[in-house]
Amino acid sequence: MSKPQNTLSQSVKISGFGLHTGAEVSLHFHPAEADYGIVFKRVDLDGAPEVPALASFVTHTERGTTLEKGAAAVSTVEHVLAALTGLDIDNCLIEVDGPEMPIMDGSSLPFVSVLEEAGAQAQDKAKQYFEIKESIRFYDAEEDVELIAVPADEYQVSVMVDYGTKVLGSQSAQLKSMNDFKSEIAPCRTFSFLHELELLLDHGLIRGGDLNNAIVYVDQELSPEKLEKLKKAFKKDQVSVKPNGILDNLDLHFTNEAARHKLLDVIGDLRLVGAPIKGKIIASKPGHKANTTFAKLLAKAMKEQMQRADIPAYDPDQKPVHNVTEIQHILPHRPPFLLVDKVMELSEDHVVAVKSVTMNEPFFEGHFPGAPVMPGVLQVEAMAQAGGILALSTVPDPENYLTYFLKIDNVRFKKQVVPGDTLIFKLVMTEPIRRGIVKMTGKAYVGTSLVCEAEMMAQIVKEKNK
């Protein structure tokens, strides 16, 4: 059973300071219509330009993930996106009055809390997952970073980190169910090594930080000069190192909080795929650059999967809805002009039918006999016959009706059809039937290759003598 998409029940607001700019910034989370996705709107800029939360708009990954489209740029979006993902929110407009998300306490929990105040609202459209059906791998040999997506019944994430330091060592974390995101992952704060922190401070890139929104692992000797620099930067009278190797004024929520935060970042960055994921992500030493590169890889795979989803699967062992004898009770056509052998699927708005193309077809005798190719007009006729079966399935006594095609538009032939091919037709009604007029789109495949497509309009007419 498909799950509905979700948005917020009401608008909510949260404010804080950007980690790197130190500027105060406010976020307004608003409900959005189905299929809207997640979109950031820079309300402080002329025209209030927008940037969708999609991997194709990633421009920078240093110290956080930055999205940019035209004049709109927003940075450090990963904690916000992780919160939306953890609460299963599909559609949301985020108005922001600055270039950077507020760092808050360095985790996703403040965003989770305010979003929970808004509440979730189910929508009238089904959630469209990106289901991992086969393994997808990204590996950066230079950085020794690896991310793999494998099939699973629900979204799961496993992370391993190792930065070659004694103070942190090797850590791992896993999330088996997104239901545990709030308690197990959302509270985990960002972290930095002392040497990285010093570099950021020297370049004026950490103006909104304090010892309460970042775990600082001390990976080098803390000299009196460095202590003074840290006290000044964080506006503290005293700064010291705890026995576990981190700066004081902060207690770890979990012994493996660093790995859990990296898992949080993976969830946030992979929200940029553009759809909820159904599968397991295994990440080794992930970072924003690798995460977003992997998100682009997954987005490409999702697009290809969506394109293939329209291709009807044909199993010759499957019992047909109608065999050729039954088709002759529906259509007035007879061999050699009956060009549909089986109907495999039939619903109120679509039909899937099959035609086996053999060398003994009568048209091959005179149509390019030295290089037999099925005439394009007969491919369209076969498609039309399949459409006729769909149209006549809407009346209780199809044997008393005929289907006349009134118009065929936008016919395109993509590939030759030759003896030995099996044509698979899929026709879909595009509008409800009105006054006997049927509008549908049709596509013909050989295997997974599209060979012909057209738009058709027909009329169902009752025979006067019946």
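Residues numbered from 1 in each chain as written. Predicted model: local features only at pLDDT ≥ 70, side-chain atom pairs only at ≥ 80, totals over all residues. Heavy atoms only, no water.

With respect to the sheet that holds strand S12 (residues 136-140)
Alright, step 1. Spatially, S12-S13-S19-S14-S15 is the arrangement adopted by the five strands of the open sheet, whose pairing is mixed. Here the strands that pair on one side only, and so sit at the sheet edges, are S12 and strand S15 (170-175). Across this sheet, the average inter-strand angle for adjacent strands is 5 degrees, counted without regard to direction.
Alright, step 2. In terms of strand pairing, strand S14 (residues 156-162) meets strand S19 (residues 280-284) through five bridges, oriented parallel. Bridging from a neighbouring strand, valine 157 pairs with isoleucine 281 of S19.
Alright, step 3. Packed onto the sheet, helix H6 (residues 257-270) meets S14, S15 and S19 and runs at close to 50 degrees relative to S15. (Pairing = 2+ DSSP bridges. Helix = DSSP H or I, 4+ residues; strand = E, 2+ residues; numbered from the N terminus. Axes fitted to C-alpha atoms, helices over the stretch in contact; angles between N-to-C directions. Contact = heavy atoms within 4.5 Å.)

Description of the sheet that holds strand S7 (residues 66-69)
Alright, step 1. Here three strands make up an open sheet; going across it, the order is S6-S7-S8 and the pairing antiparallel. One side of each edge strand has no neighbouring strand; the edge strands of this open sheet are strand S6 (58-60) and strand S8 (72-74). Strand after strand, the sheet turns through a mean of 35 degrees between neighbouring axes, direction not considered.
Alright, step 2. Across three bridges, the pairing between S7 and S8 is antiparallel. Paired with leucine 67 across the two strands is valine 74, which belongs to S8.

Let's talk about helix H2 (residues 109-118)
Alright, step 1. Buried residues of H2: Pro110, Phe111, Val112, Val114, Leu115 and Ala118, and no others.
Alright, step 2. Looking at the buried side of H2, the elements it contacts are strand S1 (4-8), strand S2 (12-17), strand S3 (24-31), helix H1 (78-86), strand S10 (120-126) and helix H3 (181-184).
Alright, step 3. The positive-phi residue at the C-terminal boundary of H2 is glycine 119, with phi of around 85 degrees. (Buried < 20%, exposed > 50% of the residue type's maximum accessible area, 1.4 Å probe, protein only.)

Regarding unusual backbone geometry
Alright, step 1. Following proline 335, the chain continues to proline 336 via a peptide bond in cis, the omega torsion being 10 degrees.
Alright, step 2. Relative to the helices and strands, proline 336 resides in the loop between helix H8 (324-327) and strand S20 (342-346).
Alright, step 3. Residue methionine 104 is not a glycine yet carries a positive backbone phi of 55 degrees.
Alright, step 4. Position of methionine 104 among the secondary structure elements: in the loop between strand S9 (92-96) and H2.
Alright, step 5. The backbone of arginine 435 shows a phi angle near 55 degrees, a positive value even though the residue is not glycine.
Alright, step 6. You can see arginine 435 is positioned in the loop between strand S23 (422-429) and strand S24 (437-446).

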